[in-house]
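This is what each chain is made of:
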Amino acid sequence: MNYWLMKSEPDAFSINDLIDCENQIEPWDGIRNYQARNMMRDQMKIGDLAFFYHSSCKVPAVVGVMKVHSEAYTDPTQFDPESKYYDPKSPPDNPRWQLVDMEFVEKFDRPVPLSTLRTIAELSEMKLLKKGNRLSILPITASEWEVIYNLSKA
DNA sequence: GCCAACGTTGGC
DNA sequence: GCCAACGTTGGC
């Protein structure tokens, strides 16, 4: 069982959008970074838990919990010229990009802002808090998960 | 809107 | 294989 943090810009896709999806499940499409793809493809397991993180917004924060609902499979948007995630260089017989389906679990009554995470000593080694981190999918340790989850209930 | 950090691209 | 140029991310 692994723990993850997955970023999304709420203007593009927020946790409320996930709640409104059919069965509250949605393909996590548009990942166009090899490291993030490799984590989805090689390390994510069905049932893994992930924090939903709102990025590039007024109050960047961990806003809830999802779980991995599928194995990794081909992201269809890479072949769709109408999609903003279209990748004309991806070979159809050897697709570059994959995705997993994510399922809604919980929306926090108290989102945990990035500014709060920065004040917690136990979280000082988190990749999310490291300067220059731009990965949209990050692994979280079990102890980090617990600390952040408890902050949402505090 | 600014800018630092970082990944990717492409010429050589 | 190097590296400069460029594009993107994302906090502030």
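Residues numbered from 1 in each chain as written. Chains lettered and ligands numbered in written order. Predicted model: local features only at pLDDT ≥ 70, side-chain atom pairs only at ≥ 80, totals over all residues. Heavy atoms only, no water.

A.B. asks: Help me get a handle on the protein's contact with DNA strand B, residues and values and all.
C.D. replies: The local shell around DNA strand B consists of Tyr34, Gln35, Lys89, Lys131, Gly132 and Arg134. Within 4 Å of the protein, the atoms of DNA strand B are drawn from sugar and phosphate moieties in a proportion of 75%. Here a phosphate oxygen of DNA strand B sits 3.3 Å away from a polar atom, N or O, in the side chain of Lys131. Within the side chain of Arg134, one N or O atom sits 2.7 Å away from a base oxygen of DNA strand B. Residue composition of the surface near DNA strand B, grouped by class: 1 nonpolar, 2 polar and 3 charged. (Near = heavy atom within 4 Å. Polar contact = N/O pair within 3.5 Å; in protein donor to acceptor, adjacent residues only side chain to side chain. Nonpolar A, V, L, I, M, F, W, Y, C, P; charged D, E, K, R; others polar.)

A.B. asks: Describe the sheet that holds strand 1 (residues 3-8), with residues and values.
C.D. replies: With mixed pairing, 6 strands are arranged side by side in an open sheet as 2-7-4-3-1-8. Bordering the open sheet on either side are strand 2 (25-27) and strand 8 (137-140), each of which pairs with just one other strand. Across the sheet, the mean angle separating the axes of adjacent strands is 35° when strand polarity is ignored. Taken together, the 4 bridges between strand 1 and strand 8 define a ladder with antiparallel strand orientation. From the neighbouring strand, Leu5 faces strand 8, where its bridge partner is Leu138. (Pairing = 2+ DSSP bridges. Helix = DSSP H or I, 4+ residues; strand = E, 2+ residues; numbered from the N terminus. Axes fitted to C-alpha atoms, helices over the stretch in contact; angles between N-to-C directions.)

A.B. asks: Summarise helix 2 (residues 34-42); cite the residues concerned and give the values.
C.D. replies: Where helix 2 is concerned, the buried positions are Ala36, Arg37, Met39 and Met40. All buried residues of helix 2 project into a common sector of 160° when viewed along the axis, lining one side. The secondary structure elements touched by the buried residues of helix 2 are strand 1, strand 6 (98-99) and strand 8. Between a side-chain oxygen at the N-terminus of helix 2 and the backbone nitrogen of Gln35 the separation is 2.9 Å; the capping residue is Asn33. (Buried < 20%, exposed > 50% of the residue type's maximum accessible area, 1.4 Å probe, protein only. Arc of directions from axis to C-beta. Contact = heavy atoms within 4.5 Å.)

A.B. asks: Describe the protein's contact with DNA strand C, naming the residues involved and giving the relevant values.
C.D. replies: Taken together, Lys7, Tyr53, Ser55, Ser56, Pro60, Leu114, Arg118, Arg134 and Leu135 form the complete shell of residues around DNA strand C. Of what DNA strand C places within 4 Å of the protein, 75% of the atoms are sugar or phosphate. Tyr53 is positioned with one of its side-chain polar atoms (N or O) 2.7 Å from a phosphate oxygen of DNA strand C. Per-class residue counts for the surface near DNA strand C are 4 nonpolar, 2 polar and 3 charged.

A.B. asks: Please provide a residue-by-residue account of the pattern of salt bridges, values included.
C.D. replies: For the coordinates displayed, the defined rule picks out 5 salt bridges. For Arg32, the salt bridge is made with Asp75, and the minimal N-O distance between the two is 3.1 Å. Note that Arg32 is positioned in the loop between strand 2 and helix 2 and Asp75 in the loop between strand 5 (73-74) and strand 6, a separation of 43 residues in sequence. Judged by its relative accessible area of 27%, Arg32 falls in the partly exposed class. Of the charged contacts in the structure, one is a salt bridge between Asp87 and Arg96, with a shortest N-O distance of 3.4 Å. A residue is classified by how much of its surface remains accessible, and Arg96, at 25% relative accessible area, is partly exposed. (Salt bridge = Lys/Arg side-chain N within 4 Å of Asp/Glu carboxyl O.)

A.B. asks: Could you give me a rundown of unusual backbone geometry, with the residues and numbers involved?
C.D. replies: Even without glycine at this site, Asn23 takes up a positive phi of about 60°. With respect to the element layout, Asn23 can be found in the loop between helix 1 (15-20) and strand 2. Residue Asn23 is classed as exposed on the basis of its relative accessible area, which comes to 62%. Notably, Ser56 is not glycine yet its phi reads approximately 50°, a positive angle.

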